[in-house]
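# Per-entry structural report
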Amino acid sequence: MRILQLCKKFPFPLKEGEAIAVYYLSRGLVEQGCTVDLLTMNTSKHYYTDAEWPAEFSHYTEINAVAVENHLSAWGAFSNLFSRKSYHVSRFITPEFEAALAAALERHAYDAILLETLYVAPYIPFIRSKSKAVVVMRSHNVEFSIWERVIANTRAGLKRSYLAYLTHKLRRFEIAQLQQYDLLATVSVHDLEVFQQLGYKGYQLVAPIGLDVDAYPMQEHRESQPLSLGFIGSLDWIPNQEGLFWFLEKVWPLLHRKYPQLHFEIAGRKAPAHFLKHKIPGVRFLGEVPDANTFVAQHPISLVPLRSGSGLKVKILEAMAMERVVLATSIAMEGILAKDGQQALFANTPEEFVRQFTLLQENPQLVPKLAKAARNLVKSEFDYRDVAKKLIAGIERLE
């Protein structure tokens, strides 16, 4: 089977969820005997500048990257007020990418075109005109749902009104695309149920984000080791910013007052300048760290205080694979079949966060117990080879 994988941004470095998801699926497909080519936008926001392709991408047969200018602009945002098109999506529509896609479809007769995220869906009509390949939408999130949750946590005013306007158009576009797919592969049961409620009746399957769990070092926890909190994630992603600001404003003062020796470190790429200027007792803003796994290993507790978002959170899976205790909101844990108190700890209010941390502080034996159960869950449910096999079987049913 020959597969063309389309991406809205170059999926490297392997430091954020989308890149990791793209990498492990493509690698799994190749290990199952498929030939996989990569056609990706090389956007101004996530530009890949190296002369050579990453060594990690040696499993691809062909790699083509097309430069795309997609920065948000005041003029673009203003002019979109007079268009029915989604501003979120229209920034990824370019004649250069369509030309590269045409060339790829002329070179090879693909069995399947794998669209990574909604933002490459505008090219489906062109694909249909040039190829008989099975069109697979691999949905990483319910995109409009992320923004609806952001709006719910935004103060009333001009910003909220404008976000609501953009989200309405994104929702309309995402629902309209549901009729265009031969196969819809979501990363969670929750997301699939949302799309079905919105009218999707086609062939579907749940293909979660996969990992090579054995590649993640286990970190044994000593009961004498002081507990500390760590957060790592892309800091230019609005749900991450929003969740952290809420935690620092509403939860951290309560925790720090009760446990003045507790430390909380925040790491991540592309942090806004103002983000790193905050001076809060007990909190360190590190920005991008040299090695994500080393950072995660330093903190027995991985904190994920998301209050909006959708899809499956790769950083949570990685922390669980490394035997860290995940303390997270219910929204953050969507799509992960963990139970509160068994493979992770859930908290949605300031009081719940304090209570869950106190539980660990007063019962140190729970830390390794939860951590080991977390790794076992990821190993059994999120192996990248199993995900690839499932997707191949789904495509074969449609050929």
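Up top is the structure these notes are about.
Source: prediction; values computed, not measured.

A few words on the sheet that holds strand 12 (residues 325–328). Overall, parallel pairing links the 6 strands, which are arranged 10-9-8-11-12-13 in an open sheet. Every interior strand has two partners, whereas the edge strands, strand 10 (283–287) and strand 13 (345–346), have only one. Inspection of the sheet shows strand 8 (residues 229–232) paired to strand 11 (residues 301–304) by 2 bridges, in the parallel sense. Bridge pairing in strand 11 places Gly230 opposite Ser302.

Another point: helix 14 (residues 384–398). Two residues of an α-helix separated by three or four positions point the same way, owing to the 3.6 residues in each turn. Helix length check: helix 14 (15 residues) gives 22 Å between terminal C-alpha atoms against 21 Å at 1.5 Å per residue, within 8%. Those residues of helix 14 lying buried are Tyr384, Val387, Ala388, Leu391, Ile392, Gly394 and Ile395. With its buried residues spanning 160° around the axis, helix 14 presents them on a single face.

Bringing the packing of helix 1 (residues 17–31) against helix 14 into the picture now. For the pair helix 1 and helix 14, the least separation of the axes is 8 Å and the interaxial angle reads 70°. When the axis of helix 1 is compared with that of helix 14, the two are roughly perpendicular. Touching Tyr24, Leu25, Arg27, Gly28, Leu29 and Glu31 of helix 1 are Tyr384, Arg385, Val387, Ala388, Leu391 and Ile392, all from helix 14. Residues of the contact of helix 1 with helix 14, tallied by class, amount to 8 nonpolar, 1 polar and 3 charged.

Moving on, we get to unusual backbone geometry. Pro13 follows Phe12 through a cis peptide bond whose omega is 5°. As for its position among the elements, Pro13 is in the loop between strand 1 (2–7) and helix 1. Backbone geometry at Thr117 places phi at a positive 85°, although glycine is not the residue there. Counting through the fold element by element, Thr117 comes out in the loop between strand 4 (112–116) and helix 5 (124–130). Non-glycine residue Glu323 carries a positive phi angle of around 60°.

Position of Arg138 among the secondary structure elements: in strand 5 (residues 134–139). At 3.0 Å, the side chain of Arg138 forms a polar contact with the backbone oxygen of Ala21. Aside from chain neighbours lying at most four places away, what touches Arg138 is Ala21, Val22, Leu25, Leu114, Leu115, Glu116, Thr117, Ala185, Pro208 and Ile209.

The next subject is the sheet that holds strand 1. Overall, parallel pairing links the 7 strands, which are arranged 3-2-1-4-5-6-7 in an open sheet. Two strands in the sheet have a free side with no partner beyond their single neighbour: strand 3 (62–68) and strand 7 (203–206). Each strand axis lies, on average, 20° off the axis of its neighbour in the sheet, ignoring direction. Sheet topology places strand 2 (residues 35–43) next to strand 3; 7 bridges connect them, and they run parallel. What sits directly across from Thr40, in strand 3, is Ala65. The sheet strands contacting helix 14 are strand 1, strand 4, strand 5, strand 6 (183–186) and strand 7, and the helix crosses strand 7 at an angle near 170°.

What follows is about the nonpolar core. Across soluble globular proteins, nonpolar side chains show a tendency to be buried alongside one another. Leu29, Met320, Val326, Met333, Ile336 and Leu391 are the most contacted members of the largest nonpolar core, which has 64 residues in total. In terms of residue count, helix 1 provides more of this core than any other element does, 7 residues in total. Excluding residues that lie within four positions of it along the chain, Met320 makes contacts with Val326, Ile336, Ala338, Gln343, Ala371, Ala374, Arg375, Leu377 and Val378. By size, the runner-up hydrophobic cluster in this structure holds 44 residues, among which are Val66, Val89, Leu115 and Leu163.

The rules behind each value
- Think of each chain on its own: its residues are numbered from 1, step by step along the sequence as written.
- In keeping with the predicted nature of the model, local features appear solely for residues at pLDDT of at least 70, side-chain atom pairs appear and are counted solely at 80 or more, and the whole-chain, interface and lining totals rest on all residues.
- Computation of side-chain values: all heavy atoms of the structure, hydrogens and water removed.
- For two strands to be treated as a pair, DSSP must find no fewer than two bridges joining them.
- For helices the rule is a DSSP run of H or I covering at least 4 residues; for strands it is a run of E covering at least 2, with both sets numbered from the N terminus onward.
- Between the first and last residue of a helix there are one fewer steps than residues, each counted as 1.5 Å, and that sum is the expected span.
- Each residue's exposure class comes from its accessible area (1.4 Å probe, protein chains only) as a fraction of the maximum for that residue type: buried when under 20%, exposed when over 50%, partly exposed otherwise.
- Arc, as used here, means the arc of the directions from the helix axis to the C-beta atoms.
- Under this scheme, a helix contributes an axis fitted over its contacting stretch, all axes are lines through C-alpha atoms, and angles between N-to-C directions fall in the 0 to 180 degree range.
- If an angle is under 35 degrees, it is roughly parallel; if it is over 145, roughly antiparallel; if it lies from 65 to 115, roughly perpendicular; otherwise it is oblique.
- Every residue pair with non-hydrogen atoms within 4.5 Å of one another is taken to be in contact.
- Under the convention adopted here, Pro, Cys and the residues Ala, Val, Leu, Ile, Met, Phe, Trp and Tyr are nonpolar, Asp, Glu, Lys and Arg are charged, and Gly plus all remaining residues are polar.
- For the purposes of these results, a polar contact is taken to be a pair of N or O atoms within 3.5 Å, where, inside protein, one atom must be able to donate a hydrogen and its partner to accept one; residues adjacent in sequence count only when each atom of the pair is a side-chain atom.
- Residues enter a nonpolar core if they are buried and are Ala, Val, Leu, Ile, Met, Phe, Trp, Tyr or Cys, with the set joined through side-chain atoms within 4.5 Å.

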